[in-house]
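Single-letter residue listing:
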Amino acid sequence: RETQLLPSRLTGGTMASLPNFDRLNTEFYRNQEKAHLEQRLLFASIEGGGQSWLCLVSEGVNPPKTIDSKRFYTTVKKDGKTLPRKPLAVIKDCVRWLQGFEKREGKLASIGIVSFGPCDLNHASEHYGKITTTPKEGWQFTSVVQPFQTAFRNVPIGFDTDVNMVAVSEYMYGGHGEITSSSYITVGTGIGVGMCTNGKPVHGMVHPEGGHIRVPRYRAVNLDKKLQLPWLDKDGVDNYAGNCKFHCKKEDYPFPCVEGMANSDAIADRLGIDKSQLPDAPDDDPIWDCVAYYLAQLCMSITFLMSPEVIVIGGGVMKRKTLLPLIRKHFQGLLGDYFKNDIYHKDIDKYIVQSKFDAIKGDVHAGVMGGLELARRVYELSDKSRLRAQQMKIEQLNEILMEKTRQARKNGMKETSKGSHSIVDDVVKGIGMLALGLGIGVGAALTASSLTAKKDK
C-alpha cells in the first residue's frame, strides 16, 4: 500500500494519484479509538493467601463488575483431620479455572497476581515470580507466575505482594481524597505492610517487610491485679516469646517482631485456644489491648519513616471491631506531642482507618481490588507498548519515504512544466500529511488507552 502513494518515477510504474490523507486517517483512527473504548476488558485477579487463593474476573476495575469468582483452599479435610495441600496443586486449580472461564466468556485482557510474601519481584532474578522465604510450611520458593505464563502465553501478567497492590488500590479507589501516598497493613496469619507513593508501589531492593520490625514488649497498665494471665509476668510485661522463626525464635540475636507478637497464632497461643476459635474470644479480653499496642508501634514506625497520608488496616484479625479504637489510642500515646498535625490527634479516625472494601459483601475486598488494579496496569502498559511499536514503524516508514524523495531530488528530477510544482513536492506533501495523520491517530489511541486509569476523585 505504501508504494501506491508514490509517483511513477519512484515506483517504476504508472502515475498513482495521492489519496485524501486527512479524511482516510481521521476516519480510520476514529474507528480504532471507538473500538478500543468499546471492547470488553476482562481483568483477572488472583489473590494468594495463607488460607485460600481467590480467583475473580471483573469487567473493568472502577467500579468492578464481577463476572465470576472461585476460591481454592490451601488445606483439605481428610479422616477428620485438616491437612495442607501442595502449593502447585492450589495454583494449578486457579489456572484451570481461568482457562475454563476463557472458554465460556472470552479472552482475558490481563492477569494480576498478588500474594503473601516475601516474593521475588525482580525480573532479572532467577527466582522472579516465586514466594521465597515465607514461614508458611511447604510454600518456600514456590513458583507462582510460571504456571500462569505457560497457560496464558499471550496475556499480560503482573505479580506483586498483596499488601503493596492494596496500598495502590486504596490510593486509587479508596475514597481518601486528594492524596499522594498511602500504606496498607494486613493482620492475619502473617502481618504485611504495603506502601504506595505517587500511585506506585514501593519496591526498592526487595519490597517492604514492615511486619518484621522490632518492637518493645507490651506492659499492661491499670490492669486488675486479680487477673492471673499466663502471658503476663509479675510486672505486667508480655512474656510471650513470639512465633516468628526468623526473628523471635532464632538462636543468635532473637528479638520480638510485630508479626511474631501479634499475628493470629500469637493471639491464640496466649489464650490457649485454636485460632479457629478466636472469633469466640470476648471483646473485653486484655489480649486485644496487647495486640493493639504492637500494631500501634507499627503505625508509628510507618509514620516516622514514610509519613503517608493514610494508613489502612485490614485482614482477618481486624474484623474485631474493638481493635481499631485501641490502636488509635496507643498510637497517640506513643506519638505524644512530637507532631502537631490535626490528622494525628483530633482527626485520627481519618488517618488510621479500615478499608471501605471490607464493608462490601461478596468477594470484592481490598486484596482483590489490588489484583484488579495490577491487571489493569499491566494491560495498559502492554497496550501502550503495542501502540508505541506501531508509532516506531510509522517513523521508520517515514524515514524510508523521505530518503527515497531525497534520492529522487538528487537524481535531478525536474518540473513537468513551467510554472507547475514538481512531483516530488506532491510526494513530500503526501508524506507529511501521512505522518501527521498517523501520528495524530496513534496519539488518540494512546489517550484512549489511558482513559481506564481515571481516578474516582
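Residues numbered from 1 in each chain as written. Predicted model: local features only at pLDDT ≥ 70, side-chain atom pairs only at ≥ 80, totals over all residues. Heavy atoms only, no water.

A.B. asks: What am I meant to see in the sheet that holds strand E3 (residues 66-73) here?
C.D. replies: Either a parallel or an antiparallel arrangement is found when strands of a sheet pair, and the pairing is made through backbone hydrogen bonds. What the five strands build is an open sheet, ordered E3-E2-E1-E6-E9; its pairing is mixed. Unpaired on one side and paired on the other, E3 and strand E9 (157-161) mark the two borders of the sheet. This sheet shows a mean twist of 15 degrees between the axes of neighbouring strands, independent of strand direction. Across seven bridges, strand E2 (residues 52-59) lies against E3 in antiparallel orientation. Opposite Leu54, over in E3, you have Arg71 as the bridge partner. Against the sheet, helix H3 (residues 87-105) contacts strand E1 (42-48), E2, E3 and strand E6 (110-115), and its axis sits at roughly 160 degrees relative to E3. Its contacts with the sheet put helix H5 (residues 162-173) on E1, E6 and E9, and the angle it makes with E9 is roughly 100 degrees. (Pairing = 2+ DSSP bridges. Helix = DSSP H or I, 4+ residues; strand = E, 2+ residues; numbered from the N terminus. Axes fitted to C-alpha atoms, helices over the stretch in contact; angles between N-to-C directions. Contact = heavy atoms within 4.5 Å.)

A.B. asks: Explanation requested: the state of the cysteines in the structure shown.
C.D. replies: Simply put, the disulfide is a covalent bond whose two ends are the sulfur atoms of two cysteines. Scanning all chains against the criterion turns up zero disulfides. We note that Cys55 lacks a disulfide partner, and the nearest cysteine sulfur, in Cys94, lies 3.4 Å from it. (Disulfide = S-S within 2.5 Å.)

A.B. asks: I'm lost on the confidence of the model for the protein in this one. Help?
C.D. replies: A low pLDDT score tells you not to read the predicted coordinates there in detail. Scored by pLDDT, the protein has a mean of 80; 77% of the residues are at 70 or more. Segment residues 1-24 is flagged for pLDDT under 50; beyond a separation of four residues in sequence, or across chains, it makes 34 contacts in the model. Note that residues 451-457 has pLDDT below 50 and, in this model, 19 contacts with residues that lie over four places away or in other chains. (pLDDT = per-residue confidence, 0-100.)

A.B. asks: Would you take a moment to explain the pattern of salt bridges for this structure?
C.D. replies: Opposite charge on two side chains lets them pair, provided their charged atoms get close. Applying the stated criterion across every chain, the model contains 13 salt bridges. Residue Arg96 is joined to Asp93 by a salt bridge in which the shortest nitrogen-to-oxygen separation is 2.9 Å. In this pair, Arg96 and Asp93 both sit in helix H3, three residues apart, roughly one turn of the helix. The residue Lys346 makes a salt bridge to Asp342 at a minimum N-O spacing of 3.8 Å. (Salt bridge = Lys/Arg side-chain N within 4 Å of Asp/Glu carboxyl O.)

A.B. asks: Any chance you could explain the environment of Thr197 here in plain terms?
C.D. replies: The residue Thr197 is located in strand E11 (residues 191-197) in this model. In this structure the C-alpha to C-alpha distance between Thr197 and Met306, which are 109 residues apart in sequence, comes to 9.2 Å.

A.B. asks: Got a minute to help me understand H3 in this structure?
C.D. replies: Helical geometry note: an α-helix holds 3.6 residues per turn, so side chains three or four residues apart project in the same direction. Taking 1.5 Å of rise per residue, the 19 residues of H3 would be expected to cover 27 Å, and the 27 Å separating its terminal C-alpha atoms lies within 8% of that figure. Buried residues along H3 sit against E1, E2, E3, E6, strand E8 (142-143) and helix H4 (145-151). Backbone geometry just after H3 places Gly106 at a positive phi near 120 degrees. (Expected span 1.5 Å × (residues − 1).)

A.B. asks: Help me understand unusual backbone geometry in this model?
C.D. replies: Most peptide bonds take the trans configuration, and most residues that are not glycine carry a negative phi. The omega torsion across Gly117 and Pro118 is 0 degrees, close enough to zero to call that bond cis. Position of Pro118 relative to the elements: it lies in the loop between E6 and strand E7 (130-131). Despite not being glycine, Asp79 has its phi angle at roughly 55 degrees, a positive value. For Asp79, the position within the fold is in the loop between strand E4 (75-78) and strand E5 (81-84). With phi around 55 degrees, Phe141 is a residue other than glycine that occupies positive phi space. Its place among the elements puts Phe141 in the loop between E7 and E8.

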